[in-house]
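# An overview of the molecular structure
Listed here are the chains, written in short residue letters.
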Amino acid sequence: MRPHLDGMSAQHDLFGGAAPPGWSYRDDFIDRAEESGLLATFAGWPLAPAAYKDYTARREVLSFGGSFDYSANTLRPGKPVPPELFPLREREAAWAGVTPAAFAHALVARDPPGPPLGRHRDVPDFELVAGVSLGSVARMTFRRYPPAPRAETLHADLAPRSAYLMCGEARWDWQHRVEPTESERWSVTFRTRRVHR
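Quantities reported herein were computed from a predicted structural model and do not represent experimental measurements. Within each chain, residue numbers correspond to sequence positions counted from 1 in written order. Only residues with pLDDT of at least 70 are given local features in this predicted model, and only at 80 or more are side-chain atom pairs given and counted; all residues enter the totals for whole chains, interfaces and linings. Each side-chain value is derived from all of the structure's non-hydrogen atoms; neither hydrogens nor water enter the calculation.

### Re unusual backbone geometry
Defined as follows: Working definition: helices are DSSP H or I runs of at least four residues, strands are E runs of at least two. Numbering for both runs from the N terminus. Relative accessibility under 20% of the residue-type maximum defines a buried residue, over 50% an exposed one, and the middle range a partly exposed one, all with a 1.4 Å probe and only protein chains included.
Across the junction of tyrosine 145 and proline 146, the peptide omega takes the value -5°, indicating a cis bond. Relative to the assigned elements, proline 146 resides in the loop between β9 (138–144) and β10 (153–158). One non-glycine residue, aspartate 28, lies in the positive phi region at around 50°. Assignment of secondary structure puts aspartate 28 in the loop between β1 (23–26) and α1 (32–42). Judged by relative accessible area, which is 59%, aspartate 28 ranks as exposed. The phi dihedral of arginine 161 falls on the positive side, at around 75°, and the residue is not glycine. Look at arginine 161 and you get buried, because its relative accessible area is 10%.

Structure representation (C-alpha cells):
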C-alpha cells in the first residue's frame with residue numbers, strides 16, 4: 001500500500017521551501033499529557049547503548065519487531081511492538097495511510113545532551129519511516145546520497161511532540177542526521193518492512 005502524505009505542514013518553510021519529496025511533518029502530533037505518559041512508560045524500559053559495528057554510542061535504544069545486527073548486516077528477530085505503543089502507532093498509520101500492523105518495527109531511543117546521531121540512511125530492510133520527537137527540540141539535517149562535493153544541506157527543527165514521515169526520495173536519496181541537543185531527547189520511530197522484488 002502506498003502511503004498518503006499530505007504534503008508540507010505549517011513548517012513547509014523549514015527547508016526554505018525546498019523539502020525533499022516524500023517528507024511530511026506535523027507539529028503537535030500528540031499533546032503534553034500523551035508525551036508525559038510515554039516518557040513515564042519509557043523510564044521503566046530496559047534501553048541499552050546502541051552498538052554500530054565497532055562503535056558503541058551514548059544513545060540508548062530498545063527495538064521491537066526486529067533488531068539490526070550491524071556486524072552481520074542482518075535484521076534479527078525481535079519481540080513484537082508492545083501495547084503501550086499501539087495508540088501512537090495507530091495515529092501514525094492513519095496519517096501515513098497504512099494499517100497499524102504495517103508498522104512492524106518500532107525503535108524507542110533516548111539521546112542524552114551533546115552527542116549527535118551520525119549521518120545515515122535507515123537500513124534497507126525498511127521502507128516507510130515515521131518518527132515522533134519527545135522532550136526537546138532536535139535539528140535534523142539532510143544531505144543528498146551519495147554525497148557530492150559541496151552537496152546541498154537542508155535542515156528541519158523537530159519540535160517536541162511533532163511527527164514526521166519519510167518515503168520515496170526523502171527516504172532513499174538523502175542521508176539524515178540529528179544534531180547535538182542541549183537537553184535529553186526521546187524519539188519513537190516506526191518502520192514498515194521493505195518488500196524485495
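The structure having been displayed, the exposition proceeds.
### Quick word on the pattern of salt bridges
Our working rule: Salt bridges, as used here, are contacts in which a Lys or Arg side-chain nitrogen is within 4 Å of a carboxyl oxygen on Asp or Glu.
A full pass over the atoms with the stated rule returns 9 salt bridges. Residue glutamate 34 is joined to arginine 91 by a salt bridge in which the shortest nitrogen-to-oxygen separation is 2.6 Å. Placement of the pair is glutamate 34 in helix α1 and arginine 91 in helix α2 (residues 86–96), with a sequence separation of 57 residues. On the basis of relative accessibility, which here comes to 28%, the residue glutamate 34 falls in the partly exposed class. Residue arginine 91 is classed as partly exposed on the basis of its relative accessible area of 33%. The salt bridge partner of arginine 185 is aspartate 111, with a shortest N-O separation of 3.7 Å. Linking arginine 185 in strand β13 (residues 185–193) with aspartate 111 in strand β6 (residues 105–111), this pair joins segments that are 74 residues apart in sequence. Both residues of the pair, arginine 185 and aspartate 111, belong to the buried class. Each of Arg59, Asp111 and Arg185 takes part in salt bridges that share partners, so that together they form one network.

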